[in-house]
Structures are given as C-alpha cells and as structure tokens.
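For reference, the chains in residue letters:
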Amino acid sequence: MFDLLAIDPTAFKLGPIPIRWYGILITTGIILAFIVVQKEMVKRGMHPDFLTDLLIWAVPIAIISARIYYVIFSWDSYKDNPADIIKIWEGGIAIHGALIGAFLTTYVYTKRKGISFWKVADIAAPGILIGQIIGRWGNFINQEAHGGPVSQSFLENTMIPDWIMQQMTIKGVTYHPTFLYESLWNVVGLIIILLLRKVRLKRGEMFFFYLTWYSIGRYFIEGMRTDSLYGGDLRAAQIVSILAIVFAVAMFIYRRFIKKVNVHYQDK
C-alpha cells in the first residue's frame, strides 16, 4: 500500500478565511446539478430563469433545514450552549434535512407559480443525485460518515484503491468507506433514472423512483455508520428512509391507479 498522508480538509485560505474541500465539493455538486437540470427544464418547455429563481430560495432554506435537522437530533450537544447552534462552520448538517427543506420550498414555489410540482420534481431528480454523489466525497476528505472498523485485507479484496483506504485509516484503524458505498449506489441510481427518461412514466414517477432508490440504499448503509443521529433508540436516517419509501410507494399507487394521472414525463 502507498504510504499517503491524510488529505487536508482545508483546500486553501483567503486571508484568514479557510476554504474547505467540503464546501468546494458541495458547491461543485450544486453547479453540475444546475447545469443538468436547467438543460432538461428548457427542453421540457420551462422558462430559462425558473430554476435560478427557485434556487435563490431553495438553497439557503435547504442549508438552514439541514442544520435544524442536525440540531434536533443532536440536542444534547446544544441544549447547554444554544449559541453554538448557529456555528454551522464547525460542521453539523444532514442531507435529509436539506432534502425536506428543498422539497417544501419547491412545493410552495411551484404552487405560487402555477407550475406542476411533480414535473419539476421529476426533472430535478437526476440533479439531486448528482449533488449527493459529489457531496459524499466531502465526507471522505473530512474522514467522517464512515462505518465501523474493517481489515485492510477485506477492502483490498473489494479492489478499493489504496488512497481511499489510506484516508479511511484514522489513528491506525481502517473503517468501512460508507461514503463510497452511498456515492456508488447513487451513481447506479443516476444511470437508471437517465434511462427511465426514455420510458413513458407518469408524471411524478421519476421522483418516486429516486426517493425509493436513495432511501433503500441509505437505510442499509446507515446501519453500518458509527456517527448516526438517533431519534430515541432508532437511527434518524433509517426512520426517515422508511417514511420516504412508504410515501413514494403510496403516491405511486394513488396517482397511477386511483387518480389515474394521464400526464407523462415527456409531456410539456
């Protein structure tokens, strides 16, 4: 194995301000997601400025929601020092909180604009996965969101590169790179969703697939992690994943078989 040094979480500094790789990767994910989703929205007959206007609201609300979610499930760490709640630069956000915030913001925004929420959700699904795929590598650089201890020989047998194993070796202990498992799971999901664009799915079903696919993977991968947030004795992410799957399946059944939606993804 190559004897590599752990990657410094700080990419560079602007004067006294450290610019961290985590923030760079999150920003990169948002930009790439924007490019992909924007192109598809215009193709589907939507105004070129719609996504920009939506993100002006959705991005900050998603960040705030991600922090609120984290604080709620980590309240014991903040109840005696409430001033620390705003110190988001010290870490502590959760993707499920961001998704919930973005979901609600998009729902309200589309209703106000008289645009189908499910049309926007379908188009946005690949972009969400792109952001998640790239964002997980920020966890890799921070040496966080990993699983329990594992032997290097086990990881070598899975053909995981040395540089990933080196970064996942912390104080002499090598951990499951669960960030990698989730990132790869989302890559597969992205490929499937891009293929599903050619299938005449009913409006909303692309998003339901995303929600189900991501949640199934997150449920099992979360069970391997050592830094989970808990709601009582249960892992919060697993609870939310189950609820998301139930919601997606219920909405799929309702819209296809009860409401009998006749609008398809390809329809403008």
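These numbers come from a predicted model, not from an experiment. (Residues numbered from 1 in each chain as written. Predicted model: local features only at pLDDT ≥ 70, side-chain atom pairs only at ≥ 80, totals over all residues. Heavy atoms only, no water.)

## Remarks on the UniProt feature "transmembrane region" (unreviewed entry) in the protein
Phase 1: Per the UniProt record, "transmembrane region" (unreviewed entry) is annotated on residues 20–38, 50–73, 93–110, 117–135, 178–195, 207–224 and 236–254.
Phase 2: Helix makes up 95% of residues 20–38 and strand 5%, and the two end C-alpha atoms of the span are 27 Å apart.
Phase 3: The span residues 93–110 is 89% helical and 0% strand by assignment, and the distance between its end C-alpha atoms comes to 26 Å. (UniProt positions renumbered as here; feature names shortened; annotations may be inferred. Helix = DSSP H or I, 4+ residues; strand = E, 2+ residues; numbered from the N terminus.)

## Details of the nonpolar core
Phase 1: Counting 43 residues, the largest nonpolar core has Met41 and Tyr210 as the members making the most contacts within it.
Phase 2: Elements with a minimum of two residues in this core: helix H1 (21–43), helix H2 (50–72), helix H4 (117–142), helix H6 (162–167), helix H7 (178–196), helix H8 (205–222) and helix H9 (236–258).
Phase 3: Sequence-distant contacts of Met41, defined by excluding residues within four places in its chain, comprise Met46, Phe50, Leu51, Val120 and Ile123.
Phase 4: With five residues, the next largest nonpolar core counts Tyr69, Ala94, Leu229 and Val240 among its residues. (Core = buried A, V, L, I, M, F, W, Y, C linked by side-chain atoms within 4.5 Å. Buried < 20%, exposed > 50% of the residue type's maximum accessible area, 1.4 Å probe, protein only. Contact = heavy atoms within 4.5 Å.)

## Thoughts on H8
Because each turn of an α-helix spans 3.6 residues, side chains separated by three or four positions end up pointing in the same direction.
Phase 1: For H8, which comprises 18 residues, the first-to-last C-alpha distance of 25 Å matches the rise-based estimate of 26 Å (1.5 Å per residue) to within 8%.
Phase 2: The element H8 is extensively covered by neighbouring structure, given that 13 of its 18 residues are classed as buried. (Expected span 1.5 Å × (residues − 1).)

## Focus on the packing of H4 against H8
Phase 1: Put simply, H4 and H8 touch, their axes get as near as 7 Å, and they point 30 degrees apart. The orientation of H4 with respect to H8, classified from their angle, is roughly parallel. Facing H4, whose interface residues are Trp118, Ala121, Asp122, Ala125, Ile128, Leu129, Gln132 and Arg136, H8 presents Glu205, Met206, Phe207, Phe208, Tyr210, Tyr214 and Arg218.
Phase 2: In terms of residue class, the contact of H4 with H8 is made up of ten nonpolar, one polar and four charged. (Axes fitted to C-alpha atoms, helices over the stretch in contact; angles between N-to-C directions. Parallel < 35°, antiparallel > 145°, perpendicular 65-115°, else oblique. Nonpolar A, V, L, I, M, F, W, Y, C, P; charged D, E, K, R; others polar.)

## Overview of the environment of Leu229
Phase 1: Note that Leu229 resides in the loop between H8 and strand E5 (230–231).
Phase 2: Separated by 159 residues in the primary sequence, Leu229 and Tyr70 have C-alpha atoms spaced 7.6 Å apart.
Phase 3: Apart from the residues lying within four places of it in its own chain, the contact partners of Leu229 are Tyr69, Tyr70, Phe73, Ser74, Ala94, Leu234, Arg235, Ala236 and Ala237.

## Thoughts on the environment of Arg203
Phase 1: Within the fold, Arg203 resides in the loop between H7 and H8.
Phase 2: Classification of Arg203 by relative accessible area gives buried; the value is 12%.
Phase 3: Residues Arg203 and Trp118, spaced 85 residues apart in sequence, show a C-alpha to C-alpha distance of 6.1 Å.
Phase 4: Not counting residues within four places of it along the chain, the set of residues in contact with Arg203 comprises Ser116, Trp118, Lys119, Asp122, Arg255, Val263, His264, Tyr265, Asp267 and Lys268.
Phase 5: Side-chain polar atoms of Arg203 contact the backbone oxygen of Asp267, separated by 3.2 Å. (Polar contact = N/O pair within 3.5 Å; in protein donor to acceptor, adjacent residues only side chain to side chain.)

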